[in-house]
Amino acid sequence: MDNVRLDIEAVGFTLDDDLQASVLDSLTKLQRFYKGDVITAEVYLKLEPNQRNNEKHVGIKYGVPGNDVYADDSGDDWYGLLNNVVAKLQRQLEKRFGNHTNANRGNIDEIDPADLA
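Our subject in this report is the structure included herewith. Owing to the predicted nature of the structure, the values given are computational and were not obtained by experimental measurement.

A tally of regular secondary structure across the chain gives three helices and four strands. Taken from the N to the C terminus, the helices and strands of the chain come in the order β-α-β-β-β-α-α. Total accessible area on the chain stands at roughly 7,500 Å², and carbon and sulfur atoms take up 43% of it.

This paragraph deals with helix 1 (residues 17–30). The terminal C-alpha atoms of helix 1 lie 20 Å apart, and with 14 residues this matches the ideal 20 Å at 1.5 Å per residue to within 8%. Among all positions of helix 1, only Leu19, Ser22, Val23, Ser26, Leu27 and Leu30 are buried. Down the axis of helix 1, the buried side of the element spans an arc of 135 degrees, and every buried residue falls inside it. Within helix 1, the exposed residues directed more than 90 degrees away from the buried face are Asp17 and Asp18.

A few words now on the environment of Arg91. Residue position: Arg91 is located in helix 2 (residues 78–97). Residues Arg91 and Phe33, 58 residues apart in the sequence, show an inter-C-alpha distance of 9.0 Å.

About the criteria used
Residues numbered from 1 in each chain as written. Predicted model: local features only at pLDDT ≥ 70, side-chain atom pairs only at ≥ 80, totals over all residues. Heavy atoms only, no water. Helix = DSSP H or I, 4+ residues; strand = E, 2+ residues; numbered from the N terminus. Areas by Shrake-Rupley, 256 points an atom, 1.4 Å probe, with all protein chains shown as cover. Expected span 1.5 Å × (residues − 1). Buried < 20%, exposed > 50% of the residue type's maximum accessible area, 1.4 Å probe, protein only. Arc of directions from axis to C-beta.

Structure representation (structure tokens):
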């Protein structure tokens, strides 16, 4: 996440190294779906102990040129919530910018069917 202003905010608990590493890995995964400049990444992690089962909330605002993309989710597992939020952001990025992960694949017209046999 070089040259990206990164802000991770933990509310209601202390962020441990494992969760912080998972957040950074999740943001790195998003870079595969958008090859342009990422200006900011803001991660909001909140533990609400007064709610049922210590409900957790994850929100990520991914600052890209134009309108930023944002997704959030609530539940009881930080890592599952991170995966859900990243999947939502991935869909938004693919819808908005196209699927850049396919940019390096050959054009279907350039593939010889004999090579597939």
